[in-house]
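Chains, contacts and geometry: an overview
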Amino acid sequence: MSDGATARRAGAAVGGVLLTLAAGQFLMTLDSSVMNVAIATVARDVGTTVTGVQAAITFYTLVMAMFMVAGGKIGTMIGRRRAFAVGCVIYGLGSLTTALAPNLTVLVLGWSVLEGLGAALILPAIVALVAGNFPAEGRPRAYGLVMGAGAVAVAVGPLIGGVAATYFSWRWVFVGEVLVVVAILALARRMQDTPAENTRTFDALGAALAAVGLGAVVLGILRSAEWGWVAPKPGAPSLFGVSPTLWLVLVGALVTWAFFEHESRLEAAGAEPLVAPSLFGNRQMAGGLVMFFVLYLVQAGVFFTIPLFLSVSLGLSAIDTGVRILPLSVTLLIAAVGIPRFLPDASPRRVVRLGLLAMFLGIVVLLVAIDPDADARIVTVPLLLLGLGIGALASQLGAVTVSAVPDEQSPQVGGLQNTATNLGAAVGTALAGSLLITALTTSFLQGVQDNPAVPEQVTTAATVQLAGGVPFLSDLDLQDALTTAQAAPEVTRAVLEANRQARVDGLRTALAVLSLIALLGVVVARRVPERPPRSTVGTSPPVAEES
């Protein structure tokens with residue numbers, strides 16, 4: 001066989017590995033966004049409420065966050081490729097269970113528990129498998145494409161969910177996931193794997209502490225919109241007059257501290273910790289984790305606010321909302337794949353900072369453009385800029401964190417990396433939601449109070465009844481509610497006008513804070529190295545098998 005034919009086969013094998021890992025990342029991320037547009041339909045089909053389905057979505061994120069660190073360690077013990085395959089099987093069973101779910105209990109078992117556990121094995125393994133299948137100089141491009149696939153899943157998820165719910169059934173999304181899992185398993189045999197480590201014990205206590213600590217923090221953050229951050233919202237539970245959110249975050253932080261103390265003792269004694277605390281002394285790796293947190297915080301916040309503007313403020317359908325978000329996917333992939341390919345020697349720190357500035361600029365352009373009379377066209381340029389920024393960070397951060405440690409520690413880093421992304425996404429969604437509702441409520445009540453067309457008794461009743469937060473309502477839904485309440489025409493007009501302005505004020509407030517966090521990330525990015533990462537071991541890792 002000629003050298004050219006051999007090279008082509010090797011290139012095809014490596015491309016197949018990259019496609020397999022990118023498909024896995026896409027699938028894991030898709031579940032976080034695909035069903036948000038079909039919550040009401042899912043609730044009706046399984047005989048529950050919208051709140052019940054939202055709880056299932058929350059629990060999926062929670063399970064992933066709780067077991068991500070343990071999933072990375074298991075990959076070290078049994079081998080990365082085997083952990084990836086086992087995770088895919090568990091995830092596929094969860095998708096099949098979800099597709100057939102007759103009630104909420106089975107839905108939670110399939111969607112939240114099985115898929116969450118499968119993702120906790122798959123995501124850290126993906127990070128390690130990139131390190132094991134690509135030489136150091138090829139990793140930025142590989143990580144960029146894999147991370148870009150996850151970000152694209154967030155962008156196209158509403159479109160996929162909207163098409164399925166409108167023309168078919170939401171259940172077909174999960175049937176499709178089963179088919180994708182089968183294809184991934186068939187392709188996974190081409191991946192190169194490093195031998196499993198001869199690990200003597202599994203740190204069960206550390207795994208329990210990590211699960212409880214991280215789970216408590218994430219649960220508190222995810223429920224902050226309903227419970228409040230410190231003062232409990234009207235009708236929400238409380239303990240000693242304080243919101244459960246604060247208690248959960250405090251308890252979670254305390255248990256997480258106990259986890260690190262336990263791990264430090266194991267490491268000092270020469271035992272095998274779940275995660276070596278000494279890793280956090282690595283400036284480059286710790287900086288990469290912080291940047292992952294910032295990226296996913298801003299990304300989740302943006303993906304919370306923009307669909308609200310399109311679907312609620314403008315009344316677009318789920319399909320039209322998804323189409324409007326697609327420009328982000330285009331520039332994201334261009335940046336994630338193009339930067340490593342055409343600028344392989346670019347400074348990672350410079351690329352990350354320029355990416356954050358592009359995200360900052362995109363958010364600011366959107367913030368300025370939003371007003372009560374704006375239409376859907378105003379999101380196109382901001383989304384193009386946001387896609388460039390997210391893609392730029394995606395092209396660098398994976399290689400930055402993994403290259404900071406020896407290759408055999410990549411599964412641990414993969415677990416930490418995905419924990420940081422889960423925490424960032426949870427904080428970003430909760431923060432954007434809290435800021436939006438707080439500003440919306442303040443603006444709406446002020447607008448009603450200042451409008452002479454609204455009687456004083458209506459203003460007083462609204463102030464009392466809506467003290468816990470004004471819902472983000474479309475004009476049509478609000479008008480239907482006012483018609484049902486038999487409000488006078490002049491009151492209806494005044495309330496609708498106040499609601500339009502309040503929606504804009506809420507969106508602007510959330511976007512303003514997100515833009516400041518993106519700008520802060522530019523400063524934090526000093527921990528990202530100036531030079532492109534190289535392998536931390538003497539030889540490059542093996543590339544994918546040709547067979």
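Being a predicted model, the structure only gives us computed values, none of them experimental.

**Focus on helix α7 (residues 171-188)**
Helix length check: α7, at 18 residues, gives a terminal C-alpha distance of 26 Å against a target of 26 Å (1.5 Å per residue), a fit within 8%. Taken together, the buried positions of α7 are Val173, Phe174, Glu177, Val178, Val181, Ile184 and Ala188. When α7 is viewed along its axis, its buried side chains cluster within an angular range of 150° and face the same direction. Pointing more than 90 degrees away from the buried face of α7 are the exposed residues Trp172, Leu179 and Val182.

**Side note on a nonpolar patch on the surface**
A surface patch of nonpolar side chains, amounting to about 440 Å² of accessible area, comprises Leu239, Phe240, Trp247 and Leu250. Checked against the element boundaries, Trp247 lands in helix α10 (residues 244-268).

**So, the pattern of salt bridges**
A complete count under the given rule lists two salt bridges for this structure. Note that Glu530 is salt-bridged to Arg349, the shortest N-O span being 3.3 Å. Note that Glu530 is positioned in the segment after α18 (489-524) and Arg349 in helix α13 (residues 348-369), a separation of 181 residues in sequence. For Glu530, a relative accessible area of 43% gives the class partly exposed. Between Arg377 and Asp375 there is a salt bridge whose closest N-O contact spans 2.6 Å.

**Comments concerning the confidence of the model for the protein chain**
Summing up the model confidence of the protein chain, the mean pLDDT is 83 and the portion of residues at 70 or higher is 87%. Across the protein chain, the element-wise mean pLDDT spans from 54 in helix α16 (residues 456-465) up to 96 in α13. Note that pLDDT drops below 50 for residues 3-10; the model gives that stretch five contacts with residues more than four away or on any other chain. A low-confidence stretch, residues 535-547 stays under pLDDT 50, and its non-local contacts, those more than four residues away or across chains, total 43 contacts.

Parameters and conventions
Residues numbered from 1 in each chain as written. Predicted model: local features only at pLDDT ≥ 70, side-chain atom pairs only at ≥ 80, totals over all residues. Heavy atoms only, no water. Helix = DSSP H or I, 4+ residues; strand = E, 2+ residues; numbered from the N terminus. Expected span 1.5 Å × (residues − 1). Buried < 20%, exposed > 50% of the residue type's maximum accessible area, 1.4 Å probe, protein only. Arc of directions from axis to C-beta. Patch = residues over 30% accessible without salt bridge, like charges linked within 9 Å, V, L, I, M, F, W, Y side chains within 5 Å. Areas by Shrake-Rupley, 256 points an atom, 1.4 Å probe, with all protein chains shown as cover. Salt bridge = Lys/Arg side-chain N within 4 Å of Asp/Glu carboxyl O. pLDDT = per-residue confidence, 0-100. Contact = heavy atoms within 4.5 Å.

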